[in-house]
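Chains, contacts and geometry: an overview
So you can see what is in the structure, the chains are spelled out below.
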Amino acid sequence: DAGVIQSTRHEVTEMGQEVTLRCKPISGHDYLFWYRQTMMRGLELLIYFNNNVPIDDSGMPEDRFSAKMPNASFSTLKIQPSEPRDSAVYFCASSHGLAGKSDTQYFGPGTRLTVL
Amino acid sequence: QKEVEQNSGPLSVPEGAIASLNCTYSDRGSQSFFWYRQYSGKSPELIMSIYSNGDKEDGRFTAQLNKASQYVSLLIRDSQPSDSATYLCAVMTGGSYIPTFGRGTSLIVHP
């Protein structure tokens, strides 16, 4: 298996621009998670999906952030408009979501976002 | 609010020594426990999971769980410089598939 795919490793944009991050989960995984990691705040869960349906978006910092999962193999996290404080590494992760060994999360390589 | 606490470190140990990393959690309903290793600039990588009280060994790694005291630890025997990384503890409550992560402990293994 190819693992969780985040094809864009570095994204640089200017303040006020829209930025879209993309993720392909591991095939067969029912859960997809978006995380943000910064030195100051550590790893924060932004939103997660179960079977393509958003379940909890309480971690999304503001209305500028939105996420979609149109099908089982693709998800996007959009920031519009972007601000310098959004600069962070954004990880996508997926899991089977079953009790026991299958509840392990597997992380993608992350996208380092820099907002100038 | 569910909390997972780790000493941020850095924990510095000499090569060949045992590194001991600790994690405490607040939710008594927690049932799944994970240790992730994260190298600088890389994504978290699962190295151990443990679900019942006691020890679980995998190569040089041993995870220890004590639910009564609400702590989980990771021991790394014969530490190598390649073990230098940040170790994240993650805890999951039964019925939830959403882990709560600690801030991580930085481990430095010096030659």
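Described below are features of the structure shown in this document. (Residues numbered from 1 in each chain as written. Chains lettered and ligands numbered in written order. Predicted model: local features only at pLDDT ≥ 70, side-chain atom pairs only at ≥ 80, totals over all residues. Heavy atoms only, no water.)

Concerning the pairing of strand β11 (residues 105–110) of chain B
On a regular strand, one side chain projects to one face of the sheet and the next to the other, so that they alternate. Residues and elements named next belong to chain B. Only one face of β11 is covered, namely the face carrying T105, L107 and V109; the face carrying S106, I108 and H110 is uncovered. In terms of strand pairing, strand β2 (residues 11–14) meets β11 through four bridges, oriented parallel. Bridged to L11 within β11 is L107. Pairing geometry for strand β9 (residues 85–93) and β11, over three bridges, is antiparallel. Looking across to β11, one finds that Y87 is bridged to T105. (Buried < 20%, exposed > 50% of the residue type's maximum accessible area, 1.4 Å probe, protein only. Helix = DSSP H or I, 4+ residues; strand = E, 2+ residues; numbered from the N terminus. Pairing = 2+ DSSP bridges.)

Let's talk about the packing of aromatic side chains
For any pair of aromatic rings, the description rests on two quantities: the centre-to-centre distance and the angle between the ring planes. Within this structure, the stated rule accounts for twelve aromatic pairs over all chains. A centroid spacing of 5.9 Å and a plane angle of 80° characterise the contact between F107 of chain A and F101 of chain B, whose relative ring orientation is edge-to-face. With F107 of chain A in strand β9 (residues 106–107) and F101 of chain B in strand β10 (residues 100–101), this pair bridges two chains. Each ring, one from F34 of chain B and one from Y51 of chain B, has its centre 6.2 Å from the other, and the planes form 90°; the classification is edge-to-face. Of this pair, F34 of chain B sits in strand β4 (residues 30–38) while Y51 of chain B sits in the loop between β5 (45–50) and β6 (54–58), and the two are 17 residues apart along the sequence. Residue classification places F34 of chain B among the buried positions, given a relative accessible area of 2%. Grouped by ring-pair contacts, the aromatic residues Y31, F33, Y35, Y48, F91 and F107 of chain A together with Y36 and F101 of chain B constitute a single cluster. Here the basic side chain of R60 of chain B rests over the ring of F61 of chain B, its NZ or CZ set 5.6 Å away from the ring centre. (Phe/Tyr/Trp six-rings, centres within 6.5 Å; stacked < 30°, edge-to-face > 60°. Lys NZ or Arg CZ within 6 Å of the ring centre and 35° of its normal.)

Description of the layout of surface pockets
Taken as a whole, the largest pocket spans an internal volume of roughly 620 Å³. As for the largest pocket, its lining consists of 26 residues, of which Q37, T38 and M39 of chain A together with Q38 and T86 of chain B are closest to the centre. For the lining of the largest pocket, the leading source of residues is strand β8 (residues 88–95) of chain A, giving three residues. Per-class residue counts for the lining of the largest pocket are eight nonpolar, 14 polar and four charged. (1 Å grid on protein atoms, 1.4 Å probe; cavity = no way out; pocket = protein on both sides within 12 Å on 5 of 7 lines; lining within 4 Å. Points joined across faces, edges and corners; volume = space filled by probe spheres on them. Nonpolar A, V, L, I, M, F, W, Y, C, P; charged D, E, K, R; others polar.)

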